[in-house]
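# A look at the structure
The chain contents come next:
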Amino acid sequence: MRRAAVAFALTLWMLALIRVMRRLRAYEVFGSSMVPTLRHGDFVLADAKAYKGRAPRPGHVVVVDDPRDPERTIIKRVASIDLVAGVWLEGDNAEESTDSRAFGAVSVAAMRGRVLAKYWPLPLRLWRA
Amino acid sequence: MKSFLGFLKPARSAYAHCDGPCGVYDPASARIPAEAVLSMAKKIAALGDATDLESVYTRSRFIIIKEQQADLVKKELDILWHDFFKPEHLDKFPDVHTTFWEAAKLASKNKTENDPANGDALLATIEKIHNMFWSAKGRSDVPFYTAG
């Protein structure tokens, strides 16, 4: 009985874990526009369903469809959000970033996910409080 | 270690990008064609109004080079203006827009007229851009010089 309870709890926990993991997407960072937060070659995890029914908030690091090349995904920080204009993105490294200052605001629909963690190189860094 | 990293390596890429050869800007790329424009204006002026066939051919060639190099100046100025200079630079250099506008206008003037004075004026404006550019990058060790 007790073993069954443990197995049940473990199964529930595994299902919950799978549910969370299915939302996660790993990305490799190319370029230096997010220095010092992220460097070229860093590996990050993004929650692909972060913006299903919720809006991005200023400060979030996001992966987004490149408004100028839909085949490409870009990584930037949300500077501000406006219901009409959309999401204003900026790189942390302003001097070396092509972002909303060049291509304007992007739509919430273009958001591919919110970056939650940098997992390589170590140490791991988490963003969600 | 390598296979461990291979295991961790994501399949997706996210670009923390910057257009072009990122961060590598230098007003010298506008200065060089501007010098060529000035040089051609001088050479065209030196030909005077000679109308022998040889001079006509040479003059045509000089004009073509002057036109092309003036276009190149405009293109390089544009790259500096809208890729390097950012809104935050305007606080420190409020005349960024007027200076670039002036420089682009002078590049056009070098096309429509043939007067070496226009070439000198263009180079002087590019020197102003040079000074703003390196000051924006926090560097005081880059002198303005000319090849010609």
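Residues numbered from 1 in each chain as written. Chains lettered and ligands numbered in written order. Predicted model: local features only at pLDDT ≥ 70, side-chain atom pairs only at ≥ 80, totals over all residues.

### Some words on the interface of chain B and chain A
At the interface, 16 residues of chain B touch 26 residues of chain A. In terms of residue count, strand S1 (residues 12-15) of chain B provides more of the side of chain B that touches chain A than any other element does, four residues in total. The class makeup of the residues in the side of chain B that touches chain A is eight nonpolar, three polar and five charged. Across four bridges, the pairing between strand S1 (residues 24-30) of chain A and S1 of chain B is parallel. The residue bridging Glu28 of chain A from the neighbouring strand is Ser13 of chain B, located in S1 of chain B. (Contact = placed C-beta atoms within 7 Å. Helix = DSSP H or I, 4+ residues; strand = E, 2+ residues; numbered from the N terminus. Nonpolar A, V, L, I, M, F, W, Y, C, P; charged D, E, K, R; others polar. Pairing = 2+ DSSP bridges.)

### Examining the pairing of strand S3 (residues 61-66) of chain A
Residue and element names in this part refer to chain A. Taken together, the six bridges between S3 and strand S4 (residues 69-82) define a ladder with antiparallel strand orientation. Paired with Val61 across the two strands is Arg77, which belongs to S4. By the bridge criterion, three bridges tie S3 to strand S6 (residues 111-120) in an arrangement that is antiparallel. Note on S6: the bridge partner recorded for Val62 is Arg114.

### A look at helix H6 (residues 116-136) of chain B
All names here are of chain B. In a regular helix each residue adds 1.5 Å, so 21 residues correspond to 30 Å; H6 covers 30 Å between its end C-alpha atoms and thus fits that length. Regarding H6, the residues found buried are Asn118, Gly119, Leu122, Leu123, Thr125, Ile126, Ile129, His130, Met132 and Phe133. Structurally, H6 contributes buried residues whose contacts are with helix H2 (28-47), helix H3 (53-84) and helix H5 (96-112). Downstream of H6 by a residue or two, Gly138 has a phi angle that is positive, lying close to 75°. (Expected span 1.5 Å × (residues − 1). Buried ≥ 20, exposed ≤ 12 C-beta atoms within 10 Å, placed from the backbone.)

### Thoughts on the packing of H2 of chain B against H6 of chain B
Residues and elements named next belong to chain B. In the contact formed by H2 and H6, the axes pass within 8 Å of each other and the chain directions differ by 165°. Judged on the interaxial angle alone, H6 and H2 are roughly antiparallel. For the pair H2 and H6, the crossing hand works out as left-handed. Residue-level contacts link Ala30, Arg31, Ala34, Glu35, Val37, Leu38, Ala41, Lys42 and Ala45 of H2 to Pro116, Asn118, Gly119, Asp120, Leu122, Leu123 and Ile126 of H6. The class makeup of the residues in the contact of H2 with H6 is ten nonpolar, two polar and four charged. (Axes fitted to C-alpha atoms, helices over the stretch in contact; angles between N-to-C directions. Parallel < 35°, antiparallel > 145°, perpendicular 65-115°, else oblique. Left-handed = near helix turned anticlockwise from the far one by under 90°.)

### Digging into the packing of H5 of chain B against H6 of chain B
The angle between the axes and the distance between the axes are what describe a pair of packed helices. All names here are of chain B. Across the interface, H5 lies against H6 with an axial gap of 9 Å and an inter-helix angle of 155°. Classified by the angle between their axes, H5 and H6 sit roughly antiparallel to one another. Where H5 crosses over H6, the two elements pack in a sense that is left-handed. In this structure, H5 contributes Val96, Thr99, Glu102, Ala103, Leu106, Ala107, Lys109 and Asn110 to the contact, and H6 contributes Asn118, Gly119, Ala121, Leu122, Thr125, Ile126, Lys128, Ile129 and Met132. In terms of residue class, the contact of H5 with H6 is built from nine nonpolar, five polar and three charged.

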